[in-house]
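One letter stands for each residue in the lines below.
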Amino acid sequence: MVFSLLKAKLNRTRQIFQEKIQNLKREQVSKERALEELAEALILADVGVVTTEKIITNLKKKLKADSSLNLEKALKDELLALLGHEPAPLSLNYYPFVVMFVGVNGGGKTTSLAKLAYFLKKQGRQIILVAADTFRAAAQEQIQIWSRKLDLPLIRGQYGADPAAVVFDGLKALKARGADALLIDTAGRIHTNINLMAELEKIKKVISREISGAPHEVLLVLDASIGQNALSQAREFLKFSGLTGIFLSKLDGTAKGGAALAVASELSLPIKLIGIGEKEEDMLPFSPQEFIDALLS
Ligand SMILES: Nc1nc2c(ncn2[C@@H]2O[C@H](COP(=O)(O)OP(=O)(O)O)[C@@H](O)[C@H]2O)c(=O)[nH]1
Ligand SMILES: [Mg+2]
């Protein structure tokens with residue numbers, strides 16, 4: 001079952017909350033004390049100072065208004081409000097549709113792209129992969145390995161080629177073959193002179209010129225295991241205009257899964273998919289309710 005899988009994968013972050021949640025329910029522990037300990041847990045799980053303060057302040061207010069408040073329930077409500085209640089599914093009902101993956105090197109772009117490709121292929125959709133990370137030879141090889149493993153066609157350019165030109169070739173192939181979708185891997189270097197954001201804008205422009213309304217999704221891949229650092233990385237990418245959502249990778253095996261809450265509340269971008277392992281099947285759609293239930297159960 002998906003829920004028990006999610007619980008197992010979130011185990012390290014869950015453990016931080018276990019005892020604190022019990023405290024919220026215990027008669028012997030004062031509610032103020034329980035809230036202080038909850039704040040510690042939130043910080044420990046990398047929810048971050050700003051978001052933690054927001055949560056605790058709201059809970060204190062509610063507690064003041066109603067001393068018999070069910071704190072556990074109130075906490076769940078707070079977290080749910082941060083995550084945006086309803087799931088934000090991918091817009092996949094276009095034909096053809098185009099998805100771009102952006103994010104810093106090592107964050108999990110290529111792996112996440114492979115996961116979505118695998119998911120769509122299982123639905124019987126015809127997918128083409130595009131290697132627009134032409135800056136690193138290793139990046140090209142890695143997507144090549146996935147294309148072989150998943151048995152999916154790959155459009156790639158020479159090392160150092162203009163990524164927008166490679167994407168253009170991908171679009172041509174998409175039309176020529178009448179395929180359903182193009183999944184585009186992009187470069188992830190930041191802190192260099194070459195302006196990555198301008199390069200991404202250029203790629204986006206090439207896509208929208210060829211297919212109106214595209215790209216339909218531009219997913220920022222963020223590594224949950226670096227916790228709060230994911231936020232500062234994300235801010236760089238907010239300079240790029242096209243983001244539609246977040247693919248939060250590496251939620252498995254990290255105690256910093258609380259970063260999901262900070263990311264969702266501070267970036268005003270919905271988390272759409274999560275990565276819970278290195279294999280192609282290790283992806284789940286993100287459901288705020290399930291995430292919180294799994295985290296706090
Ligand atoms: N445990 C775990 N590892 C992941 C996940 N997603 C990616 N990785 C690993 O993170 C590393 C970097 O991923 P990669 O896709 O190469 O990142 P890119 O540089 O952004 O393309 C690789 O070793 C992946 O196997 C995930 O959800 N869970
Ligand atoms: Mg890559």
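Residues numbered from 1 in each chain as written. Chains lettered and ligands numbered in written order. Predicted model: local features only at pLDDT ≥ 70, side-chain atom pairs only at ≥ 80, totals over all residues.

1. What to know about the overall build of the protein
Part 1 of the reasoning: The helix and strand tally for the protein stands at twelve helices and eight strands.
Part 2 of the reasoning: Relative to a compact globule of 297 residues, whose C-alpha radius of gyration would be 19 Å, the protein shows 21 Å and is just as compact.
Part 3 of the reasoning: A principal-axis box enclosing the C-alpha atoms of the protein has dimensions of 70 × 40 × 30 Å.
Part 4 of the reasoning: Taken over 297 residues, the protein has a buried fraction of 46%.
Part 5 of the reasoning: Considering only contacts in the protein between residues 6 or more positions apart, those separated by 24 or more positions represent 76%. (Helix = DSSP H or I, 4+ residues; strand = E, 2+ residues; numbered from the N terminus. Rg over C-alpha atoms; globule rule 2.2 N^0.38 Å. Buried ≥ 20, exposed ≤ 12 C-beta atoms within 10 Å, placed from the backbone. Contact = placed C-beta atoms within 7 Å.)

2. A word on the site of ligand 1
Part 1 of the reasoning: Contacts to ligand 1 come from 20 residues, most closely from Gly108, Lys109, Thr110, Thr111 and Gly275.
Part 2 of the reasoning: Across the shell around ligand 1, the residue classes break down as two nonpolar, 13 polar and five charged. (Near = placed C-beta within 6 Å. Nonpolar A, V, L, I, M, F, W, Y, C, P; charged D, E, K, R; others polar.)

3. Side note on the sheet that holds strand β1 (residues 97–102)
Part 1 of the reasoning: If you walk across this open sheet you meet the eight strands as β3-β2-β4-β1-β5-β6-β7-β8, and the pairing is mixed. Edge positions in the sheet fall to β3 (154–156) and β8 (283–285), since each has one partner strand and no second. Adjacent strand axes in the sheet meet at a mean angle of 25° when their direction is disregarded.
Part 2 of the reasoning: Bridge count between β1 and strand β5 (residues 217–223): four bridges; the pairing is parallel. Its bridge partner lying in β5, phenylalanine 101 is registered against leucine 219.
Part 3 of the reasoning: In this fold helix α6 (residues 109–122) packs onto β1, β2 (127–132), β4 (181–186), β5, β6 (245–249), β7 (271–275) and β8, with an angle of close to 170° to the strand it touches most, β4. (Pairing = 2+ DSSP bridges. Axes fitted to C-alpha atoms, helices over the stretch in contact; angles between N-to-C directions.)

4. Structural notes on the confidence of the model for the protein
Part 1 of the reasoning: When the pLDDT values of the protein are averaged, the result is 93; 99% of them are 70 or greater.
Part 2 of the reasoning: The least confident element of the protein, judged by mean pLDDT, is helix α2 (residues 11–25) at 87; the most confident is α6 at 98. (pLDDT = per-residue confidence, 0-100.)

5. With respect to the packing of helix α5 (residues 71–83) against helix α12 (residues 288–296)
Relative placement of two packed helices is described by the angle separating their axes and the distance separating the axes.
Part 1 of the reasoning: Close contact between α5 and α12 brings their axes to 9 Å; oriented N to C, the two are set at 140°. It follows from the interaxial angle that α5 and α12 lie oblique. The crossing of α5 and α12 is right-handed. Listed contacts from α12 to Lys76, Leu79, Leu80 and Leu83 of α5 are Pro288, Gln289, Phe291, Ile292 and Leu296.
Part 2 of the reasoning: When grouped by side-chain class, the residues that make up the contact of α5 with α12 number seven nonpolar, one polar and one charged. (Parallel < 35°, antiparallel > 145°, perpendicular 65-115°, else oblique. Left-handed = near helix turned anticlockwise from the far one by under 90°.)

6. Digging into α6
Part 1 of the reasoning: Relative to the 20 Å expected for 14 residues at 1.5 Å per residue, α6 spans 20 Å between its end C-alpha atoms, a close match to the ideal helical length.
Part 2 of the reasoning: Most of α6 is tucked away: ten of the 14 residues are buried.
Part 3 of the reasoning: Those residues of α6 not exposed but buried are Lys109, Thr110, Thr111, Ser112, Leu113, Ala114, Lys115, Leu116, Ala117 and Leu120. (Expected span 1.5 Å × (residues − 1).)

7. A word on the packing of α2 against helix α3 (residues 31–44)
Part 1 of the reasoning: The interhelical angle for the contact between α2 and α3, taken along N-to-C directions, is 165°, at an axis separation of 9 Å. Considered as vectors, α2 and α3 are oriented roughly antiparallel to each other. Regarding α2 and α3, the two cross each other, and that crossing is left-handed. Across from Ile16, Phe17, Lys20, Asn23 and Leu24 in α2, the residues of α3 making contact are Ala34, Glu37, Leu38, Ala41 and Leu44.

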